[in-house]
Amino acid sequence: MCGIVAYIGHREAYPVILKGLKRLEYRGYDSAGVALLNGGLKVYKKQGKVADLEETLVGKDLHSNIGIGHTRWATHGEPCDRNAHPHLSGNGKLSMIHNGIIENYVQIKKELVSKGYEFVSDTDTEVLLKFIEDIHLNNEGSLEEAVRIALKRVVGAYVIVLLDADNPDTLIAARKGSPLVIGIGKGEHFLASDASPIIEYTKEVVYVNDYEVAIIKKDELILKNLGNEKITPFITKLDLELAAIEKGGYDHFMLKEIFEQPSTIFDCLRGRLDAHNGTITMSGIQQYADQLVNANRIIIIACGTSWHAGLVAEYIFEEVTRIPVEVEYASEFRYRNPIVNKGDVIIAISQSGETADTLVAIESAKSNGAIILGVVNVVGSSIARTSHGGAYTHAGPEIGVASTKAFTGQLAVLTMMALKIGLMKGTLSEKRFIHLLNELNDVPEKVSAALLQHEKIREIALKYQDAKDALYLGRGYNFPIALEGALKLKEISYIHAEGYPAAEMKHGPIALVDENLPVVFVATKDSFHEKVLSNMQEIKARKGKVIAVVSEGDDAADALADDTIIVPYADELIAPMINVIPMQLLAYYIGVAKGFDVDKPRNLAKSVTVE
Ligand code: G6P
């Protein structure tokens, strides 16, 4: 949450920062701002999106070779110009951007108020900045030292970057909990929350670790810990192309990402699944395969859409490995003194690899001796780095705030893991393993076929766009897909939607059914199919409108539904990856029909780096 960009070097800083902020807007878009050194410290900020800030700055002299910028997802204080970053110190000499939350800011603020400090914003950031300023003014040492002293007192999460009018050739940054990447150019440095603002300038980056402070000049990068000891920066080469973060002719990133799924799933399977030789190779879990085979329990930790992938994985793992699986919301798991024993394996699922709750939950499980396997999309992210092993989903940068291609990548990875462990354990027969392996291999093609339904889905979206509520139902492997369908609709179109196991609908939601309620059934052929058809009858009997996702050739389901979306048949273990496609497209087309900004839905952020 919140995106930060900073630049120091020979270029004009403003265009670099502005472009970078646009790429990071998925992290929040309540306000945007920049601070530059141009005949003194100049701060420009504005409520709204980066484009609103850009508009107000047209024609201004923004010349500067150093600067910091921020796009905000509000935590402390409403979205408004006053609460926008960068913030200014009391004497106007320092400016700071911040991503994260300072939990003990009330106490620190009290102390500063008693010393006569005044505050113009409601933010925790301004408190931290003035705290650093106060230490700096009362201390002989450098600003860098004041930062270290302040951060030792701070409880919470942060990435901060400071611009100092008295030191126009230095930026100071620090990290704990929130992400910070530093790009190393020739006589220039780029700082950002992720690599997307950096890739067009350099592929050499340093991922700053927790409790590290960076002192950055044009041609020098010094990393230190909070004890003032130097740390050698570890330089990584980015494996990311510019085209991957551009819209490529689509109206929205979300649509592009939905349509990319045949190739992203293929990329995820490539080099791992060998249908010809009947093998699955996953180097990142190889070392932990025995622990998985002998695990007493698997605990899956995730949030949001990733949690739904975890639910599908629960069904698959229990079926093929017979290991008990629990799926936990990371935010609940971390605060309830969970029972984690040696012999438990934790699987953490996260697109961004930066979700604060997931990260902290992992750390607490790790301290109990559990093995942590990460299923992560963003290479080099915090969760990827803190996990013992795991597998990347290889979906490429996901920029639309609502997760789509990362979800199918997560399912592909988790399915491969389950099949491999099931075979090793002997709970999955060789014959069924080979069958499922081939089914998995066919997923990219079947997803392509499901995507061909887009025009039909758009028509259905136009028909139901004015609905006030919607119900999504499915059983077994399709129940989490119903949950995911409802979540997508809420996120993108702001229509209230609930996902339920189809049978459970009789214990409450059925009371909502009338001729105005669209009920989306994920009703492809599986072991529960006849039961799902009965549930459809129950909705029809109460005049509800049934939209059904059905398998090719299923005339019975087709006849029952008001609107049908046909997808290729797949084994029930594999089908969720295909059945989710209509869920994504339906939400997308309804959101677009209602005129909403589907890539940046209100109040949401892609990467939730605050608790
Ligand atoms: C936010 C995003 C969701 C995502 C969730 C978990 O809510 O808007 O799309 O599923 O965070 O994020 P993660 O990066 O951990 O998968």
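In short, a report on the structure. Counting of residues starts from 1 at the beginning of each chain's written sequence and follows it residue by residue. In keeping with the model being predicted, local features are shown solely for residues with a pLDDT of at least 70 and side-chain atom pairs are shown and tallied solely at 80 or more, while totals for entire chains, interfaces and linings include all residues. For side-chain calculations, the full set of non-hydrogen atoms in the structure is used, while hydrogens and water are omitted.

A fitted line through C-alpha atoms serves as each axis, taken over the contacting stretch for helices, and the angle formed by two N-to-C directions is quoted from 0 to 180°. Elements are defined by DSSP. Helices are runs of H or I of four residues or more, strands are runs of E of two residues or more, and each kind is numbered from the N terminus. Axis separation between helix α4 (residues 124-137) and helix α5 (residues 143-153) bottoms out at 8 Å; the angle between their running directions is 125°. In terms of their interaxial angle, α4 and α5 are classed as oblique. You can see that α4 and α5 cross each other, and the crossing is right-handed. Residues L128, F131, I132, I135 and H136 of α4 pack against L143, A146, V147, I149, A150, L151 and R153 of α5. Any angle between 65 and 115 degrees counts as roughly perpendicular, while under 35 counts as roughly parallel, over 145 as roughly antiparallel, and the rest as oblique. Here a crossing is taken to be left-handed if its near helix is turned anticlockwise relative to the far helix by less than a right angle, and right-handed if that turn runs clockwise. The criterion used for residue contact is that any of the two residues' heavy atoms lie within 4.5 Å.

Turning to unusual backbone geometry, a few remarks are in order. With an omega of -5°, the peptide bond running from H85 to P86 counts as cis. Mapped onto the secondary structure, P86 falls in the loop between β4 (66-72) and β5 (87-88). At R322, a position not held by glycine, the phi torsion is positive, near 55°. Of note, R322 is situated in the loop between α10 (304-321) and β19 (325-329). In the Ramachandran plot, H394 falls in the positive-phi region, its phi being about 55° despite a non-glycine side chain. In this fold, H394 is placed in the loop between β22 (389-392) and α14 (405-425). Look at H394 and you get partly exposed, because its relative accessible area is 37%. Partly exposed residues are those whose accessible area sits between 20% and 50% of the maximum for their type, while under 20% is buried and over 50% is exposed, using a 1.4 Å probe and protein chains only.

Between rings of Phe, Tyr and Trp, where Trp is taken as its six-membered ring, a pair exists when centres lie within 6.5 Å; planes separated by under 30 degrees are stacked, by over 60 edge-to-face, and by other angles tilted. Within the structure shown, the criterion is met by seven aromatic pairs. Arranged with centres 5.1 Å apart and planes meeting at 55°, the rings of Y7 and F190 form a pair that is tilted. In this pair, Y7 is assigned in strand β1 (residues 3-8) and F190 in strand β10 (residues 189-192), connecting sequence segments 183 residues apart. Relative to Y589, the ring of Y588 lies with its centre 5.2 Å away and its plane at 70°, an arrangement referred to as edge-to-face. With respect to burial, Y588 and Y589 carry one shared label: buried. Every member of this aromatic cluster is reached through a ring pair, and the members are Y7, F190 and Y201. Whether a charge lies above a ring is judged from NZ of Lys or CZ of Arg, which has to be within 6 Å of the ring centre and within 35 degrees of the ring normal. Its end group placed over the ring of Y29, K49 keeps NZ or CZ at 5.5 Å from the ring centre. Above the plane of the ring of F119 lies K109, whose end atom (NZ or CZ) is 5.0 Å from the centre.

Time to look at the pattern of salt bridges. Note on definitions: salt bridges are taken to be side-chain nitrogens of Lys or Arg within 4 Å of carboxyl oxygens of Asp or Glu. All told, the structure shown has 31 salt bridges when counted by the stated rule. In this structure, a network of salt bridges that share partners links the residues K19, R23 and E200.

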